[in-house]
Amino acid sequence: RDPELVKRIGEATALEVRATGIPYVFAPCIAVCRDPRWGRCYESYSEDPNVVRSMTTIISGLQGDDPSDIKGRPYVGGSKKVAACAKHYVGDGGTFMGINEGNTIIDNDGLMTIHMPAYYNSIIRGVSTIMVSYNSWNGKKMHANHHLITDFLKNKLKFRGFVISDWEGIDRITTPQHLNYSYSIEAGVGAGI
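With an unreviewed UniProt entry as reference, the protein chain is termed Glycoside hydrolase family 3 N-terminal domain-containing protein, source organism Aegilops tauschii subsp. strangulata.

### Some points on the pairing of strand β3 (residues 129-132)
Each regular strand carries side chains that alternate between the two faces of the sheet. Side chains Thr 129 and Met 131 project from β3 onto one buried face, and the interleaved Ile 130 and Val 132 project onto a second face that is buried too. Taken together, the four bridges between strand β1 (residues 85-89) and β3 define a ladder with parallel strand orientation. Bridge pairing links Cys 85 to Thr 129 in β3. As defined by bridge partners, β3 adjoins strand β6 (residues 162-164) across three bridges and the pair is classed as parallel.

### Re the state of the cysteines
Tallying each qualifying case throughout the model produces one disulfide. Here Cys 33 is linked by a disulfide to Cys 41, with a sulfur-sulfur distance of 1.9 Å. The sign of the -110° torsion about the S-S bond sets the Cys 33-Cys 41 disulfide as left-handed. A relative accessible area of 4% means that Cys 33 is categorised as buried. Lacking any disulfide linkage, Cys 29 is separated from the closest cysteine sulfur, that of Cys 33, by 9.6 Å. We classify Cys 29 as buried; its relative accessible area is 10%. For the unlinked cysteine Cys 85, the closest cysteine sulfur is that of Cys 29, found at 9.9 Å. Judged by relative accessible area, which is 0%, Cys 85 ranks as buried.

### Overview of helix α1 (residues 3-19)
The first and last C-alpha atoms of α1 sit 24 Å apart over 17 residues, in line with the 24 Å expected at 1.5 Å per residue. What α1 keeps buried is the set Val 6, Lys 7, Gly 10, Ala 14 and Val 17. Looking straight down α1, one finds that the buried residues subtend no more than 100° of arc, so they occupy a single side. Facing away from the buried side of α1 by over 90 degrees, the exposed positions are Glu 16 and Ala 19. Once α1 finishes, Gly 21 follows within two positions and takes phi at roughly 95°, a positive value.

### Considering unusual backbone geometry
With glycine set apart, most residues show a phi of negative sign, and most peptide bonds adopt trans. Residue Ala 27 is joined to Pro 28 through a cis peptide bond whose omega torsion reads 10°. Lys 87 connects to His 88 through a cis peptide bond whose omega is 0°. Look at Met 97: it is not a glycine, yet its phi comes out positive at around 60°. Its place among the elements puts Met 97 in the loop between β1 and β2 (103-104). Residues other than glycine seldom take positive phi values, yet Glu 168 does so here, at roughly 60°. Tracing the backbone through its elements, the reader meets Glu 168 in the loop between β6 and α7 (181-191).

### A look at the sheet that holds β3
Sheet architecture is open: three strands sit in the order β1-β3-β6, paired in parallel fashion. Bordering the open sheet on either side are β1 and β6, each of which pairs with just one other strand. Strand-to-strand twist of the sheet, defined as the mean angle between neighbouring strand axes without regard to direction, takes the value 25°. Of the strands in this sheet, β1 and β3 are in contact with helix α5 (residues 117-124), which crosses β1 at around 155°. Helix α6 (residues 146-156) contacts β1, β3 and β6 of the sheet and is inclined by roughly 140° relative to β1.

Quick notes on the rules
Numbering of residues starts from 1 in each chain and follows the order in which that chain's sequence is written. Only residues with pLDDT of 70 or above have their local features reported here, since the model is predicted, and side-chain atom pairs are shown and tallied only from 80 upward, although totals for entire chains, interfaces and linings are computed over all residues. Only hydrogens and water are removed before side-chain values are computed, so all heavy atoms of the structure are retained for them. Buried means the residue's accessible area, taken with a 1.4 Å probe over protein chains only, is under 20% of the maximum for its type, while exposed means over 50%, and partly exposed covers the values in between. Secondary structure counts use DSSP, requiring at least four H or I residues in a row for a helix and at least two E residues in a row for a strand, with both numbered from the N terminus. Pairing between strands requires that DSSP locate at least two bridges from one strand to the other. A pair of cysteine sulfur atoms is labelled a disulfide when the two atoms are within 2.5 Å. Take the number of residues in a helix, subtract one, and multiply by 1.5 Å to get its expected span. The arc in question is formed by the directions pointing from the helix axis toward the C-beta atoms. Geometry is summarised by axes, namely lines fitted to C-alpha atoms with helices restricted to the contacting stretch, and by angles between N-to-C directions that run from 0 to 180 degrees. Should any heavy atoms of two residues lie within 4.5 Å, those residues are counted as being in contact.

Structural data, given as structure tokens:
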């Protein structure tokens, strides 16, 4: 619960990753774990959205503090910094019974007040990429959710970085997986990935 320490951890991580020649990290995970039965609860900073929101300082550590004239725009501050990736958009820590890659059953108000706040801060800090989650929101797979990816994230929140899929996230749009890959690609790209 120390935002300045988390920022310094981001700075150290950026240096270590850059030393390997890689300019990008799949961090931070800004899930809000609402059920300790979720097997990835350890990836979450807290069950409290305000604590998770405060930990987005790691983005400034990873990418550098963005100049005041470009607040809210993707920014990487030089050769000792890396592009960050806020993940997993959105609601992965709130799935029914904590089932990994499950269904987050919550109304819009709950989604916006519990699972979305850290994304607001991440965008203001200039996060470069956002990774979409495997979970569904009220039965709709996030990788195919045009409303939340394009209408909300890109158009309302004005996120200008890259929206990326999780590993095989496109494949998991259908049940069973890989059922119709052409459809899945169309649905994922059409959603805004």
